[in-house]
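Letter by letter, the chains look like this.
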Amino acid sequence: MTHKLELLIENYICAYPHEKAPYDMLSFYRTERDVFSKKNKNGHFTGSGWVVSPDKRKILMTHHKTINKWLQLGGHADGENDLLKVALREATEESGLHRFEVLNKTVFDLDIHKIPKNYSKLSHFHYDVRFLLEADPEKETIIVSKESYDVAWVPIENVLKLNPEKSIHRMVDKTMALLM
């Protein structure tokens, strides 16, 4: 039986066949055990929300304490295999916002990134599945969680100044394409 995540990744591959990460994610999903749990010491799936304002000109980002980078909202699946649910849960936990609209139930972006060794945790990989969410900066007040130094609405033209990584650049480009 094909799992929902497998279909989401396969559909993403059809849309973005030139990206390498989706193929590696599919292989990881098909060959590893406990892929939604931190018990898998090689890596595990995470769910993220690329949160845009209604006009798509602002992105909700968190300055993550552990990683010390500005990122999209997201986190560990903790056993949940519906990564859209994970993305929504993490977006709420990290921002204090509750009113998110899922703009598309397909995957917005996929990324594999290495998490460095910290404290007692070994280095491992996050297989991050990202969904496009919308929230209105005018309707709710941000609450910064203990996981973050800050959470802020960032004008899209400033996002890459905070984090110029390739995966962030890819999501900015995809968002800019929505404006055309």
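The structure displayed is predicted, hence computed values, not measured ones. Counting restarts for each chain: residues are numbered from 1 in the order of the written sequence. Per-residue local features are limited, in this predicted model, to residues with pLDDT of at least 70; the limit for side-chain atom pairs, both in listing and counting, is 80 or more; totals at the level of whole chains, interfaces and linings are taken over all residues. To get the side-chain values, all heavy atoms of the structure are used, and hydrogens and water are removed first.

Moving on: the overall build of the protein chain. Secondary structure elements follow DSSP: runs of H or I of four or more residues count as helices, runs of E of two or more count as strands, with numbering from the N terminus. The secondary structure content of the protein chain amounts to five helices and eight strands. Counting from the amino terminus, helix and strand elements in the protein chain follow one another as α-α-β-β-β-β-α-β-β-β-β-α-α. Taken over C-alpha atoms, the radius of gyration is set against a globule rule of 2.2 Å times the number of residues to the power 0.38. The C-alpha atoms of the protein chain give 16 Å as radius of gyration, which agrees with the globular expectation for 180 residues (16 Å, within 12%). Each principal axis of the C-alpha distribution contributes one length, and for the protein chain these read about 45 × 40 × 30 Å. Two residues qualify as a contact provided that any one of their heavy atoms is within 4.5 Å of a heavy atom in the partner residue. Across the protein chain, every contact between residues at least 6 apart in sequence was considered, and the portion connecting residues at least 24 apart equals 67%.

Most peptide bonds adopt trans geometry, and most residues besides glycine take a negative phi value. Of note in this structure, K56 is not a glycine but carries a positive phi near 65°. By the secondary structure assignment, K56 is in the loop between β1 (43-52) and β2 (58-64).

With that out of the way, let us pick up the environment of S148. Examined against the element boundaries, S148 turns out to sit in strand β8 (residues 148-155). Through-space distance from the C-alpha of S148 to that of K65 is 4.9 Å; in sequence the pair is 83 residues apart. If sequence neighbours within four positions are ignored, S148 has contacts with T62, H63, H64 and K65.

Turning next to the nonpolar core. Generally speaking, nonpolar side chains in soluble globular proteins are found buried as a group. Note on terminology: a nonpolar core comprises buried Ala, Val, Leu, Ile, Met, Phe, Trp, Tyr and Cys residues joined through side-chain atoms within 4.5 Å. Exposure is judged per residue with a 1.4 Å probe applied to protein chains only, and the accessible area is read against the type maximum: over 50% gives exposed, under 20% gives buried, and values in between give partly exposed. Membership of the largest hydrophobic core comes to 32 residues, with the highest contact counts inside it found for F45, L83 and V129. Where this core is concerned, the elements lending two or more residues are α1 (4-15), α2 (21-31), β1, α3 (83-95), β7 (124-134) and β8. Those residues in contact with F45 that lie beyond four places of it in its chain are L5, I9, M25, F28, Y29, V35, F36, A77, L83, Y127 and V129. By size, the runner-up hydrophobic cluster in this structure holds 13 residues, among which are I59, V154, I156 and V172.

Glancing now at the packing of aromatic side chains. Paired rings are identified among Phe, Tyr and Trp, the last through its six-membered ring, by centres lying within 6.5 Å, and are further divided according to the angle between planes into stacked (under 30 degrees), edge-to-face (over 60) and tilted (the rest). Inspection of every chain in the model, using the stated rule, returns seven aromatic pairs. Consider the rings of F28 and Y127, whose centres lie 3.8 Å apart with planes at 10°: the pair is stacked. Of this pair, F28 sits in helix α2 while Y127 sits in strand β7, placing them 99 residues apart in sequence. Here Y29 and F45 contribute two aromatic rings whose centre-to-centre distance is 6.2 Å and whose plane-to-plane angle is 75°, an arrangement assigned as edge-to-face. Residue Y29 is located in helix α2, and its partner F45 is located in strand β1; the two are separated by 16 residues in the primary sequence. This pair shows no difference in class: Y29 is buried, exactly as F45 is. Through pairs of rings, three or more aromatic residues link up here, namely F28, Y29, F36, F45 and Y127. Note that K174 overlies the ring of Y16, its terminal NZ or CZ placed 4.2 Å from the centroid. Only when the NZ of Lys or the CZ of Arg is both within 6 Å of the ring centre and within 35 degrees of the ring normal is a charge said to sit over the ring. Note that K174 overlies the ring of F108, its terminal NZ or CZ placed 5.7 Å from the centroid.

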